[in-house]
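# Reading the structure
Residues per chain, in single letters:
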Amino acid sequence: MIDPPDEFVAAVRELQPRLVALIGPGPAAELGRLGAADNVRPPRQTVRRLAAHRLGNSAAEPVALTALRDLGPLPAERLLGALEVTIAGLELPALPAAPAAPASVPAPPPGTGLAIVSAGQDSAAVTAAVLLERLRPGSADAVLALTRRLGSLLPPTADPVAGKAAGGEAAGERADSGKAASGEAAGEETASGTAASSEAAGGETGGVETGCGKAADSEAEIAAAHGARWLALAVAAACAVTAQADPPVIVERPAATAGLAVGAAATVLRGLPMPSGYDAALLSRIRDEYLLPRHSYGTVPVTAHRFALTEGNFPTVPDFAGNGLVTVAGGGAAIRTGAAEGPIRVHLSVLADPPADVEPGWDEIVEVGWHAPAGRASVLGPDGPSDPQLRHATPPWPGDYRLRVHARGRDDAEDPDAPDTEMFSLVVWAAPPAPVIVHRRTDRLGHRLRGEPEPERPVRPEHAYRWIRRTALAIGATVTVVTASTPAEVLRAFGADPDRPEPVASIEDSPHPGPWVAVHDAGGAVVAVEFNGYQGSHAAVLKAASAHGRAASMFWNERALTRLSFAEGGELLAAFEPWQDVDAEPRVAAALSGLDFAAPGLRAEKGLVAVERFTGCGLTPAMLERIRAGHGHRITAA
């Protein structure tokens, strides 16, 4: 560890207010928040870390440089812009001579030069800091160690306005184990945020000074003061280490100094608890900015058929026998899913008043009450958090709330041919305690969990086509069925030449296949399949194909675009996106009867049922297998 002489420490003490005044509040606050609970996370697995795992520790990037990269280019660049002139003219007492480290890049022979080429999107500060570390190995660790040591020797000053003592030892004291240079001591991350932990770890307690003789009161001011203090110390440390390293002119010293300083400050700050008063200020800001209604949508990782809306750890839930869907426990509520594991879609709404109506289209709806000890509950799974937009989403006040849980698709979770329709909607609003209300109880899983006989349900007609989800048609396709025509006539209607067949495998392997179609003679009809194509949805194609009979097609793609079309005798009867019930003429209406397009899921399958009903012929797995093993035809005419 570098032990700076007294004159160096005195010079930094005098310089610190000047540096703090030059640091913008924006980047300072961004750094200052790194130790907040929401920002604590494990280090990113960078390419260099993976390389170190394979090649040994010699390939590892210093933790301060990794922290610099994790921040992105803006903080270091903003600091460089604000301090470049100051850094260039800064003179500090020399540090004691450090043991010489072998140069990573050998000196060029006399009479020659050295050139280094870099590429990428790194900022000037990152590039210069990495180059300095490459030419003078150990510089980044030296800056980090010196920053910590300065923090212990120069603790936060007393607040002259509020008179709050800034007690406690600083972060560098935790580096005495000898691990400071490797980043394993003071700067390592901790989940502690208490004042007691702050004193033991070296964080600021009592007041936090803004650098202008004024106490920091708001969340942004406290974070900025916290970040600016450590960043100023890191700038002084980086200036001294860079001067001692005396790199060649190829290194831009101000940029390298800024990069090393930001990386060191970020490493230290990420491992420190936030200053005393920060949590209260953050909560005050959150409450001031919290508006209703608010809606968020994301996914949560499910384990053991459950996820929860809770403020703390995942609640222990004995079972869901009460209502088959949700159980209140441990300051939150656990929800039973159909899927055993994996991501589940969740929509969370927080309302100012109770919902006016019970929303249709859900299999199960149960409403419960729970008491929030503090507020800001999150959606989470037993083994991990949800997407960020579902975290800390409920009102940031303690009190009594109602939670209405909506579920659908739970019965299909274990069926490999079923669509991924399982999802949940959670609606929260403030309300006094009240009994559980079951608004809807229709799925089979809920009946089993409640110990009730499962309801008998008729098999939906569209279930006959769920097999397409296991085929090449799943992503997108158009299936067209034509009656009273030959395969050659259908191909000509598509603009293809019947006399120029090619193996389907050959067309699919070509780099630019263009539109193409494959047909199958089913006896009473011809089935035409386009893999990720759409020509069969065009009115001109359907009119030509239906000249002697009927034609119908169903198109879908990965962007959820669909089109269902019907034609007869050369006339287009209907063509529409099947998202809701339509008012169709009698021949088309008969094909659509009983198909609920307004209900979510299986839209392509419902369309294929309508095509089969209208033409009397439908696509089967055996047909598709023969089509893929046969020949296709490129569509050359528009």
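No experiment lies behind these values; they were computed from the predicted model shown.

## Structural notes on the pairing of strand β14 (residues 516-521)
The buried fraction of β14 is high, at five of six residues. Pairing analysis gives two bridges linking β14 to strand β19 (residues 631-634), with the strands arranged antiparallel. Bridge pairing in β19 places Val517 opposite His633. Where β14 folds back onto strand β15 (residues 525-531) in an antiparallel hairpin, the turn is made up of three residues, including Gly523, whose phi is positive at roughly 95°.

## What to know about the sheet that holds strand β12 (residues 477-483)
Overall, antiparallel pairing links the eight strands, which are arranged β13-β19-β14-β15-β12-β16-β17-β18 in an open sheet. Of all strands in the sheet, those bounded by a partner on one side alone are β13 (502-503) and β18 (571-576). When β13 meets β19, the two strands line up antiparallel, connected through two bridges. Residue pairing for β19: Pro503 is matched across the bridge by His631.

## Things to note about helix α2 (residues 25-32)
Taken residue by residue, α2 has Pro27, Ala28, Ala29, Leu31 and Gly32 as its buried positions. Elements that come into contact with the buried residues of α2 comprise α4 (63-71), α5 (73-88), α9 (219-245) and α10 (253-270).

## Thoughts on the side chain of Glu367
Along the chain, Glu367 turns up in strand β6 (residues 364-372). Looking at Glu367, its side chain comes within polar contact range of the side chain of Arg402, at 3.1 Å. Once residues lying within four places of it in the same chain are set aside, the contact partners of Glu367 are Arg402, Leu403, Arg404, Trp429, Pro435, Val436, Ile437 and His439.

## Notes on the packing of aromatic side chains
A ring pair, where both rings are aromatic, is described by two values, the distance of the centres and the angle of the planes. Inspection of every chain in the model, using the stated rule, returns six aromatic pairs. A centroid spacing of 5.6 Å and a plane angle of 25° characterise the contact between Trp516 and Phe531, whose relative ring orientation is stacked. Taken together, the positions of Trp516 in strand β14 and Phe531 in strand β15 put the pair 15 residues apart, joining distant regions of the chain. Taking the relative accessible area as the measure of exposure, Trp516 reaches 7% and is therefore buried. A centroid spacing of 5.1 Å and a plane angle of 70° characterise the contact between Phe566 and Phe614, whose relative ring orientation is edge-to-face.

## Description of the pattern of salt bridges
Where side chains of opposite charge bring their charged atoms close, a pairing between them can arise. Overall, the coordinates contain 21 salt bridges when judged by the stated rule. A salt bridge links Glu568 to Arg550; the nearest nitrogen and oxygen atoms lie 3.2 Å apart. Highlighted residues: Glu568 in strand β17 (residues 562-568) and Arg550 in strand β16 (residues 550-556), separated in sequence by 18 residues. A relative accessible area of 24% places Glu568 in the partly exposed class. A single salt-bridge network, built from bridges that share partners, covers Arg33, Glu219, Arg285 and Glu289.

## What about α9?
The end-to-end C-alpha distance of α9 is 38 Å, a good match for the 39 Å that 27 residues give at a rise of 1.5 Å each. Most of α9 is tucked away: 23 of the 27 residues are buried. Residue Asp246 follows α9 closely and has a positive phi angle near 45°.

## Some details on the environment of Pro137
Inspection of the secondary structure puts Pro137 in the loop between α6 (124-135) and α7 (139-153). Spatially, the C-alpha atoms of Pro137 and Ala245 are 9.4 Å apart, while their sequence positions differ by 108 residues.

## A look at the environment of Ala567
Relative to the helices and strands, Ala567 is located in strand β17. In the structure, Ala567 is positioned 21 residues away from Val588 in sequence and 9.2 Å away in space, judged by C-alpha atoms. Residues within four places of Ala567 in sequence aside, it is in contact with Leu542, Ser546, Gly549, Arg550, Ala551, Leu572, Leu573 and Phe614.

## Examining the nonpolar core
Ranked by size, the top nonpolar core spans 73 residues in total, and within it Leu31, Leu79, Leu146, Val235, Leu260 and Val262 carry the most contacts. Top element by residues in this core is α9. It accounts for 17 residues. Not counting residues within four places of it along the chain, the set of residues in contact with Leu31 comprises Leu71, Leu231, Val262, Ala266 and Leu269.

## Remarks on the pairing of β16
For β16, the tally of buried residues reaches six of seven residues, placing the bulk of the element in the interior. As defined by bridge partners, β12 adjoins β16 across six bridges and the pair is classed as antiparallel. Across the sheet, the residue bridging to Ala477 is Trp556, located in β16. Across seven bridges, β16 lies against β17 in antiparallel orientation. Note that in β17 the partner of Ala552 across the bridge is Phe566. Hairpin remark: β16 followed by β17, antiparallel, with five residues in the connecting loop; positive phi at Ala560, about 70°.

Reading the values: the criteria
- Residues numbered from 1 in each chain as written.
- Predicted model: local features only at pLDDT ≥ 70, side-chain atom pairs only at ≥ 80, totals over all residues.
- Heavy atoms only, no water.
- Buried < 20%, exposed > 50% of the residue type's maximum accessible area, 1.4 Å probe, protein only.
- Helix = DSSP H or I, 4+ residues; strand = E, 2+ residues; numbered from the N terminus.
- Pairing = 2+ DSSP bridges.
- Contact = heavy atoms within 4.5 Å.
- Polar contact = N/O pair within 3.5 Å; in protein donor to acceptor, adjacent residues only side chain to side chain.
- Phe/Tyr/Trp six-rings, centres within 6.5 Å; stacked < 30°, edge-to-face > 60°.
- Salt bridge = Lys/Arg side-chain N within 4 Å of Asp/Glu carboxyl O.
- Expected span 1.5 Å × (residues − 1).
- Core = buried A, V, L, I, M, F, W, Y, C linked by side-chain atoms within 4.5 Å.

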